[in-house]
Every structure is written in C-alpha cells, then in structure tokens.
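Next come the chains, spelled out residue by residue.
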2 protein chains.
Amino acid sequence: MSIQRWERQAQRGRDILNESIPKQWLASTSSLPPATEKNVIDFPRKSGLLSERELWITDLSATKLVIEMRNGNLKAEETVIAFLKRAVLGHQLLNFATEFMADEAISRAKELDSYFERTGKLIGPLHGVPISIKEHIGLKNRTCNTGYVAWVDKVATEDAHLVRLLANAGAVFHVRTNQPQSLMHLCCSNNITGATLNPYNRTLTPGGSSGGEGASTGFKCAPLGIGTDIGGSIRVPAAFCGSYGFRPTSMRVPMAGIQVAAIGQETIHGVVGPLASSSVEDLELFQKAVMDQEPWDDETSLVPVPWKTVAPSREMTVAIMWDDGVVRPHPPVVRALKLAKEKLLKAGIKVIDWEPFKHDHGWKIISSLYYPDSAALQRKVIRESGEPVLPLTQWVFDFSRAQSLTHPEAWELQLERDVYRDEYNALIKSRGVDFILSPAYPGVAAVYGESHYWNYTAIWNVLDLPSVVFPSGLTVDSTLDTLTEQDKKYQPRSEVDEREWAKYQGPERYEGAPVALQIAGRHFKDEETLAAAKWVDAIIKDDSKQSKL
Amino acid sequence: MSIQRWERQAQRGRDILNESIPKQWLASTSSLPPATEKNVIDFPRKSGLLSERELWITDLSATKLVIEMRNGNLKAEETVIAFLKRAVLGHQLLNFATEFMADEAISRAKELDSYFERTGKLIGPLHGVPISIKEHIGLKNRTCNTGYVAWVDKVATEDAHLVRLLANAGAVFHVRTNQPQSLMHLCCSNNITGATLNPYNRTLTPGGSSGGEGASTGFKCAPLGIGTDIGGSIRVPAAFCGSYGFRPTSMRVPMAGIQVAAIGQETIHGVVGPLASSSVEDLELFQKAVMDQEPWDDETSLVPVPWKTVAPSREMTVAIMWDDGVVRPHPPVVRALKLAKEKLLKAGIKVIDWEPFKHDHGWKIISSLYYPDSAALQRKVIRESGEPVLPLTQWVFDFSRAQSLTHPEAWELQLERDVYRDEYNALIKSRGVDFILSPAYPGVAAVYGESHYWNYTAIWNVLDLPSVVFPSGLTVDSTLDTLTEQDKKYQPRSEVDEREWAKYQGPERYEGAPVALQIAGRHFKDEETLAAAKWVDAIIKDDSKQSKL
C-alpha cells in the first residue's frame, strides 16, 4: 500500500518532534514500564532516573522555585535541566510533546543566572520558571500546526503576545505540547504526533484540548503551562491529570498570535490561561505577571482591567452544584463534593445548594455558536491535506449544527447568550452567592475516546465566568466508589444522561484517576475567584497553613 | 387614490406625537416665522414667546442647572416647564420630536422638588435635569418604532437600562426625538414623522441618525440628550447643530433595551452617549452619573472599567488631521482647524500634524461589517409595512455590500479590524500623540439629503476610539469661506472626493451653519478625551476661566 501524501506531511511533523528530543536524557526502553502498566505518576521517583535534587526541584511550585532562586539556593539552568529530564521521560511514557526547545531554554536560563549574579536581582516575577506551551500558541520561526496535518509547514513570524510578556517576566520555554485535531476534543489525539496519555492511568485520556498541558503539568514536566479554553480545554485536562487550571474572563489575557482555523470569529470568545502542577497560587502568579504588564495597551481587543490583589476572606457564600440538571455526575465526583461540603462547613464557610438555571439552554446556545459556518473552515483545513477526520472531531462537527446559521440566526443566538448571562448573573446576586462549586466533568478522566459531555465546563464559557479547576485530593476508590443498589436503578433523564451514566459501570474502569472540583466566580472577578479557590483547596486538603491565611 | 396600509400605520405614529403635544404652549401659526426663514436659532428670544426667566433657564448648562437647584434658586418643575415650552416651539420650527411626555415629566419634577424641600438634598447628580431621548431607546409602556412604520405599534415592556440609571440620578425625561428610517443616515427623515430640520438653516440637515437630538440640544430644548452612534450618529448631529456630542468607547455605557433591527449583531458595536447644548462639562456629568452606578454589575456585556476623575493637564500633544487622505474638507472646516492650531500653539500646547493611516482601508472594513447579511433584517422590517425605501436608506444599503458575507468572510474582516486597531494604536503611541483633532465631517451641516461621507466620524468607530465633537465658535462666513482660485482648480483624488468637493460651491449654500471640530483619544481613555476636549474647547473660544483650569 502506498504512503499517502498526508502521511508524508504528518511525518514531517513527527520529524520536528523527534529531532528536537534531547537524546542524552532518553531512558532506555528496557528501563521503562511496560505499556500495560497504567499508572506511571510515581515513575520518576521509583525509577531512579532522576536524582533526589532533580525530584526536589520538579516537585516545587513555580512560586517556590522563584523563592529558591531569589535566595540563591537554585539556579535557572539546573532548574530547566531538571524539568527537561522529567519532560523527556514524561514524553516517553505519555507522548505529550510536539517539540522540545532544550538548547534555547538552557541558553535563556544561563542568561538569567548571569543576570542574577551580576545584579543580585531576579529579572521578573517568573525568573527561571520553566513553562510548557500548547503548540498552537505561536513561537517565532517555529512551525505552528494547530493539530492539522495541512499546517505542518506553517511557520509563525513572531512570538504570540502572551509569550513575549511571559518571557519579559523571566519565563523559560522548554517544551511545546500536544492538542487534538480541530482543537475541539476534550481529549488529545491528532494525525501528526498521535495520542497523549493520562499519567494516572494510560487507558484514560489526559483531557483536552490542552491535553499535552494536562500531561505536562500532571507529570510535573513543568510547574506551569499555557492552555486555551473555549468549552473546557484548560480545565478538563487539569481535572483529568490532577493539575490546577484557570479559565480567565475573556478579553483580559492576550490572544494575539494564537493560531486557530476560524481566526476572527467572536461568537464565543476563546481564552488563554495557565495550568499549574502544584497550586492555585501559581495560577495567580502567572496571571499577575501577565496583567501587570498592561497588555491592553498594545492589544486593543483586550479591556483595561488591571489585576488587583485580593485579600482572601472567609466571608463568602459557596453554593454547591451537585448536578447540572442534565447529566448526573459519577460516584467519585459526588464523593468529592460531599467531602468539600463537610470540610467547608467545618471551617465555618457558608455553604448552600446551587440549583442550576437552564444549563441545557446554555448548551444549546454555545454549541450552536461554536460553528455558525458549520465548521467550514475546520473541514477545509482537514480536506487540504486529506487527513482522516478523527471520531471526536466528527463528534463536535455533529453536535454543532449540520447546517450553517444565517447571520440573523447567529445574532439571535448572541442576543440569547447575553440575555442568559444577565439572567444567570442576576440569579447569583439575588441568591447571595459568591462562588459556585461544581464538578468539572460528569466523572473523572474519561476512557480514551469517551469524553463527550462538555457542559460542566462549557457552561462557564457561555456565561463568561472565571473558573478554577483543582484536585480534590481524592482518587477513584475501588471500595468507596462502587455503584449502590440505588445507583443501579437510576432512571436517566435523557439519552445524554443515560449515555454518560452508562459509562461509569464501576471504579475499575477509572483506576487511579484523580477527582477534581471546579469553582466559578462572577464575571470579571478573576482575582476573587482565584483567592476563593486557594482557600477552598486548602480547606479541603486540611492545609492548615493555607487555610489560616 | 386610496390610502395605503403603511400610510395608515404611519398616521398612528403621528397621532401619538400630535396627541402628546402640550397644546397650551403651542405658538399660533401667525407668530411663527415663514418657512422661508432659514435661521431660527434666535427665535425663542426674538419672538418674545419665552419669558426672560425661561430664556435664562434654558440657556443654562446641565451642570449649572444642578448648581442653581442645589442653591435653592431654581425648582425642577419650572425648569422642565421652561424646557418643555422651548421644545414645543422648537418642534413647531424643526419637527424634531416623536412624542412629548409633559405630564410625567412635570410630575417627576414635582417629586424632586418635594424631595429637596424635605431633605435639603438633591436626589442625584442629574437632579431635575431635563433630558431628551432618541426614540429607539426603550421606555416602558411606550411605543418604540425605531423609525420603521412596521413597528409603530411595538411597545417596550421596560425602560432601557441607561434610562433607569439616568432616572436614578435625577434626570427628567420630557421629549422623545426623531431618527431616520434604518437609523443609518447622517440625516433625519422617516416615513412616520418626516424630516427634522437644522435650527441654524432649515434647508440643511440636522445630521443623523440622532438628528432629533441634534435639533433638541442645538435649539436648547434640553441641556442634555441621549443619542446612539455606530458611524457618527451622535457626533454628526452635534456638529451640524452647534451642540456637543460624545462617542464613548464601546462596551462601557449600557445598551440593554435599545431597539434596532439587527439586535445581537456585534461586527461593529454601536454605542449610546450624550449630546449637550452648552458644554463638554455636561458630557462628563452625564457619563459620570451613569458609570458611577457600575452598570456592568447587571449588564454583563459591559466591561467593569470605573469612571475616573482626570485632572486636565496642558502636558499633551495634539495632532491635527487636516485631511483624511480620502475626502478634502471644505473651506469653513479648514478655517476652524487653522484657528484651533493658532490658539493651541499660543496657549503653549504641543501641536503636530497627523498623517492619516489607511482611512480608506478602515472604511472598507466598517462599511462591509455594517451589513454582513446585506441588510436583510432592515429590508425585512421595511417590507413588512410596505413603506418606501428612502434615498439615504438605499444609499447605505448600496455602499454596504449587495451580497451577504459568509461567516468566514466576516471573521476575516473582524480580524482585519482588530489588526488595523492595533496598528493605528501603535502609531499613535510611537508618534507620541495623545489626541487627534480633526473635522467631524468634510463640511458643515449638509444640504438635506446630501450627507453621504461618513468616514470622518466612522473611522473612530472602526478603531473604537472615544471622540468628542464641539463647536469651534465659528459659523460659515460669506467672505472668509469663499473658494480661492486654487480651490477652484483642485483636482479631486477620486470620485468620492470629487462628489464631496463639488457640494461646497461656496458659503451661500451653508449660510448660518456652525463649524464643528472633533477630538479623539486613545481606546478606553474616555475620561482623558473629555478632559482634553474641555481644555481645547476653552482655548479655542478664549474662555480664560476654563483654560486656566
């Protein structure tokens, strides 16, 4: 059988990746676990492939890395080398990278070290922090394929605006990460570099579309990563991989230089934001480092809302949404919500139940507004190379409209979107609620190819609310998460509910998977939402130092 | 000939108007000037129809009215009655109203007076200020025809958000004002209440689309009015009628409850903003009264950028744009710019020339994005009643695209728009410019039906820059504004340039017309732009009290 043209093109994408891997850090195949070993999260320690110091470095949060560098205990060079080593190992186990940038990263780290030696000062708030980058965020003179085979040879002419700002703040970019075809899976597979796996269970998806970032931060190949999110693409990978992720309010964080097929589309604003390996604090560090540079002064589609420092306060009302009224969450997620409620009440936080408001209506709006042109541009890029349409690409093409909307139809939906936002906002105010704690997904990390239901995250996209995903500290438990007799008798409310409920079956399918939660705040209250997430995260995990903040 | 259905429908719109006119204040036909008398701006004083006190009241700015009320020198009731009387007279001369609301206004004014008597306090920063309202801004239980015959019976179920906020601040709404069919003329004529005239010369247009507001504030029927602007619709009427007008940056001032045919469209954001009879200060008063109520807390499509108080400063660089590179301004406008330059330099302000940057490109973008659906919705509303399409409606339908854009074509234009904004913004920064002083239109008030060229105002819409129009203090001069021999030899750069230049012919056509200027500031620098406009206005008019601020 002859090799098709698209396969040769895809091979060029793989060549870029393969040539970029720093070979000196590749583990021998014999030292790697067998493909049947699902959970590899502890492999860096257990394997002995990383030194104690490298393990110490890669376990630190970005915030702590910067503190150690400021105190002179750590150099940027050894830091980025430790993360590069862990990333190479992570890539061998999880296939999360699309390109390594080891030489440039080490060279930049050396510059930072010499700056610090010369001046005694850090260059900025992210001095020496290694950051992984989702591939479709443009880097000057590097290809930017955005998960499409046709774009394997497309080269960015400059760094994305956000990348420039992070670099100003001292960040070191060491690895680019994988994304799904069309960028519209809550999963992470394409026809170029293939499928990325979940470090907690390699039969599960890392989530998506920022799945490479989920794996990168989950496996601690980077303390911080950059993802993008139009329906859950930052938060779902964070949830599935045991990381932290933040979806900012739109029009705050610079988008210029990020490639997508439908650039210029505004029916639903995509956003860019951070994932972090270890803490909400790191998400704040990232946001503040960017926003303090006033990106709106150059990128005029952003709004000039400066980042403010918010004092965390116990004086808040947290509403728990147990179920969105459409799809019933799986037992491990409910267990995490119950734990959260108990701990929050014990900590003296006011907790009430959140009755969801027309989430099916919200989904109708957002799913219709993703592709008003019936995904014509995405289909075109796929057709250009002749690559196959992957099942989850077809899925999103199908649940969005088969027929294009007319402009007036799209405008009517935009009006409905704005009315729904105002109504939801009024409800949050009238119920006296500050934050909504909810699932991030009906279950934990989905079995590969099964991540179909978006609306535990997409609802905050259509409403444009800032939202944070954080690990509950729980993982799926073979005893506690079995289906009860009552569970087995559950009568689903709809076909969608039935499909999602049927996926659970029992804890075995999801062995080892972390259980995440999500907290959303009001429109533009990004700072308050992160402050609340920090607090709630600490309370749930009984981190007394944090929760006394 | 039988009366057509649309004519009967239109008659109902006129009935609403006619029934609403407070008959006690109608001047007898014999006391009115003949239709051939062009300039009626001084008629209220010359006619003796208003008392000295009524003339004094209606000559005051909103700011001064509030001061007099705070000092107990003036009551809200006599204030609104004075403005109502002037408005009835103005309507007889200019046909600017669509509905009077005398009873409600007087009753509200009495409430305010009794509040003041009871508490010794004003109810808010607009206590007792009469404000006229463009008709398509919804008022509860009143019709909202938006200039379409088909909508003559359409009733708003609630007040527009902006109206509620202004009412909270103490405003009194006494008259609703005219707008053109489709809202897309820089003129003011529809098939319901007909054509509104310019108070300085009744053969000229008051501008549009907020032409009723231009006449209202120009004739001092209200110290403040509310207009809307997507291509110049606040600023052109202010310019043509000798008033002040402000186009805020979009997404700051509440839009909910304002009716248009293509509600939900976002390709170019329309904005709502104030016109004022007497001062830039009143524009600031209006904006601050609204923004201090944090409208974004309820209307989530607004951005939470609080209104700030800006100290006016002489430390600014004003760039003068003499010509947009597309259409050459007429002699009176050039004379006003020359006067401005001279006075600004004398006042020690740094003045440079502004070389326009691709204004034709800006026009291509905005004119294509007005009607991506080829005005299907507007045409449909017109078809519904069978009313005739007016010439300037046809004009805008024609200069926008005959064919609909596909979604991807519209998105490409939106991307071009954002790129153009960023480029223009970078240019303003790199040239060290704070404000751009320019014409508001190629000439003074156009002859009725001739207001064709939008891009001296629309350019700031596509760039989303705040901009203020103010009178230069000059009017067309029969000696100074004649065409020189050189002018007569001018070789136009294009058909458009030729068309606009040919309209001038000489000062006679524009006898009595005021000459306005426009000042634009950077994106979101609304406060700074108003502060600069206040300063520049004072300097040009040698208002020593103001310019020493």
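Everything quoted here is computed from the prediction, not taken from an experiment.

1. Comments concerning the overall build of chain A
Thinking step 1. What chain A contains, in helices and strands, is 20 helices and 13 strands.
Thinking step 2. Oriented by its inertia axes, the alpha-carbon framework of chain A measures out at about 60 × 60 × 50 Å.
Thinking step 3. The buried share of chain A, reckoned over its 549 residues, is 64%.
Thinking step 4. When contacts within chain A are restricted to residue pairs at least 6 apart in sequence, long-range pairs at least 24 apart make up 80% of them.
Thinking step 5. Once the 61 positive and 68 negative side-chain charges of chain A are each reduced to a mean point, those two points are 2 Å apart.

2. Things to note about the pairing of strand β6 (residues 224-229) of chain A
Residues and elements named next belong to chain A.
Thinking step 1. In terms of burial, β6 is largely enclosed, as 6 of its 6 residues are buried.
Thinking step 2. Side chains L224, I226 and T228 of β6 all project onto a buried face; the interleaved residues G225, G227 and D229 project onto the opposite face, where all are buried too.
Thinking step 3. In the sheet, strand β2 (residues 130-134) pairs with β6 via 3 bridges, with the strands oriented parallel. The residue bridging S132 from the neighbouring strand is G225, located in β6.
Thinking step 4. Direction of pairing for β6 relative to strand β8 (residues 271-276): antiparallel, over a ladder of 6 bridges. Bridge pairing in β8 places G225 opposite L275.

3. So, a nonpolar patch on the surface
Thinking step 1. Where nonpolar side chains cluster on the molecular surface, the patch consists of I263(A), L415(B) and V419(B) and spans about 200 Å² of accessible area.
Thinking step 2. Along the chain, I263(A) falls in the loop between β7 (244-247) and β8.
Thinking step 3. Residue classification places I263(A) among the partly exposed residues on the basis of a relative accessible area of 32%.

4. Describing the nonpolar core
Thinking step 1. L126(A), I131(A), L166(A), I226(A), Y370(A) and L437(A) are the most contacted members of the largest nonpolar core, which totals 169 residues.
Thinking step 2. At 10 residues, helix α5 (residues 76-94) of chain A tops the list of elements feeding residues into this core.
Thinking step 3. Leaving out residues up to four positions away in the same chain, I131(A) has contacts with L126(A), L166(A), A171(A), V172(A), F173(A), H174(A), V175(A), L224(A), G225(A), I226(A) and F286(A).
Thinking step 4. Counting residues in each nonpolar core, the second largest holds 165 residues, with L186(B), V236(B), L369(B) and L377(B) among its members.

5. Examining the side chain of H174(A)
Thinking step 1. For H174(A), the location among the structural elements is in strand β3 (residues 172-177).
Thinking step 2. Within polar-contact distance, the side chain of H174(A) engages the backbone oxygen of C221(A) at 2.8 Å.

6. Let's talk about the relation of the copies chain B and chain A
Thinking step 1. With an RMSD of 0.0 Å, the operation that places chain B on chain A is a rotation of 180 degrees combined with a shift of 0.0 Å along the axis. Such a turn and shift between the copies fits a two-fold axis. By C-alpha distance to the rotation axis, the residue of chain B lying nearest is V305(B), at 3.2 Å.
Thinking step 2. When the interface residues of chain B are mapped onto chain A, 100% of them are again interface residues, pointing to one common binding face.

7. Digging into the packing of helix α3 (residues 52-59) of chain A against α5(A)
Residues and elements named next belong to chain A.
Thinking step 1. Contact geometry for α3 and α5: axes closest at 9 Å, N-to-C directions at 95 degrees. As the angle between them shows, α3 and α5 are arranged roughly perpendicular. Where α3 approaches α5, its residues R53, E54, L55, I57, T58 and D59 are matched on the opposing element by E78, T79, A82, F83, K85 and R86.
Thinking step 2. Partitioning the contact of α3 with α5 into residue classes produces 4 nonpolar, 2 polar and 6 charged.

8. Things to note about the environment of L55(B)
Residue and element names in this part refer to chain B.
Thinking step 1. Assignment of secondary structure puts L55 in helix α3 (residues 52-59).
Thinking step 2. According to the relative accessible area criterion, L55 is buried, its value standing at 3%.
Thinking step 3. Sequence separation between L55 and R86 is 31 residues; the distance between their C-alpha atoms is 8.7 Å.
Thinking step 4. Not counting residues within four places of it along the chain, the set of residues in contact with L55 comprises P44, R45, L50 and R86.

9. Some details on the interface of chain B and chain A
Thinking step 1. Facing the 35 residues of chain B at the interface are 35 residues of chain A.
Thinking step 2. Together, the buried faces of chain B and chain A total about 3100 Å²; carbon and sulfur atoms form 57% of this surface.
Thinking step 3. Of all residues in chain B, T300(B), H407(B) and W411(B) bury the most surface against chain A, accounting for 24% of the area lost on that side.
Thinking step 4. Taken together, the connections running from chain B to chain A amount to 8 salt bridges.
Thinking step 5. Among the ionic pairs, R522(B) bridges to D297(A), the shortest N-O distance being 3.0 Å.
Thinking step 6. At the boundary of chain B and chain A, one finds 18 residue pairs in polar contact (both at pLDDT 80 or more).

10. Structural notes on the confidence of the model for chain A
All names here are of chain A.
Thinking step 1. With 99% of its residues at a pLDDT of 70 or more, chain A has an overall mean of 96.
Thinking step 2. Here helix α20 (residues 544-547) stands out as the least confident element of chain A, with mean pLDDT 52; β2 is the most confident, with 99.
Thinking step 3. Of the two predicted TM-score estimates for the complex, the pTM is 0.96 and the ipTM is 0.96.

11. Regarding the sheet that holds strand β3 (residues 172-177) of chain B
Residues and elements named next belong to chain B.
Thinking step 1. Ordered in space as β1-β3-β2-β6-β8-β7-β12-β13-β11-β9-β10, the 11 strands form an open sheet in which the pairing is mixed. Edge positions in the sheet fall to β1 (97-100) and β10 (350-353), since each has one partner strand and no second. Across the sheet, the axes of successive neighbouring strands diverge by a mean angle of 30 degrees, strand direction being ignored.
Thinking step 2. Two strands pair when backbone bridges link them, and strand β9 (residues 317-320) and strand β11 (residues 435-438) are joined in this way by 3 bridges, in the parallel orientation. Each residue of the ladder has a partner; that of I320, found in β11, is L437.
Thinking step 3. Where helix α7 (residues 161-168) meets the sheet, it contacts β2 (130-134), β3, β6 (224-229) and β8 (271-276), and its direction lies at approximately 145 degrees from that of β3.

12. A word on the sheet that holds strand β12 (residues 467-475) of chain A
Residue and element names in this part refer to chain A.
Thinking step 1. The 11 strands lie next to each other as β1-β3-β2-β6-β8-β7-β12-β13-β11-β9-β10, forming an open sheet whose pairing is mixed. On the outer flanks of this sheet lie β1 (97-100) and β10 (350-353), each paired with one strand and no other. Between one strand and the next, the sheet's axes are offset by a mean angle of 30 degrees, whatever the strand orientation.
Thinking step 2. As judged from the 6 bridges shared by β12 and strand β13 (residues 514-520), these two strands associate in the antiparallel manner. Among the inter-strand pairings, F470 is bridged to a residue of β13, identified as L517.
Thinking step 3. On the sheet, helix α6 (residues 102-119) packs against β1 and β3 and is oriented at approximately 160 degrees with respect to β3.

Parameters at a glance
- Residues numbered from 1 in each chain as written.
- Chains lettered and ligands numbered in written order.
- Predicted model: local features only at pLDDT ≥ 70, side-chain atom pairs only at ≥ 80, totals over all residues.
- Heavy atoms only, no water.
- Helix = DSSP H or I, 4+ residues; strand = E, 2+ residues; numbered from the N terminus.
- Buried < 20%, exposed > 50% of the residue type's maximum accessible area, 1.4 Å probe, protein only.
- Contact = heavy atoms within 4.5 Å.
- Lys, Arg positive; Asp, Glu negative; His and termini not counted.
- Charge placed at Lys NZ, Arg CZ, Asp CG, Glu CD.
- Pairing = 2+ DSSP bridges.
- Patch = residues over 30% accessible without salt bridge, like charges linked within 9 Å, V, L, I, M, F, W, Y side chains within 5 Å.
- Areas by Shrake-Rupley, 256 points an atom, 1.4 Å probe, with all protein chains shown as cover.
- Salt bridge = Lys/Arg side-chain N within 4 Å of Asp/Glu carboxyl O.
- Core = buried A, V, L, I, M, F, W, Y, C linked by side-chain atoms within 4.5 Å.
- Polar contact = N/O pair within 3.5 Å; in protein donor to acceptor, adjacent residues only side chain to side chain.
- Least-squares fit on C-alpha atoms with pLDDT ≥ 70 in both.
- Axes fitted to C-alpha atoms, helices over the stretch in contact; angles between N-to-C directions.
- Parallel < 35°, antiparallel > 145°, perpendicular 65-115°, else oblique.
- Nonpolar A, V, L, I, M, F, W, Y, C, P; charged D, E, K, R; others polar.
- Buried area = accessible area lost by both parts, 1.4 Å probe.
- pLDDT = per-residue confidence, 0-100.

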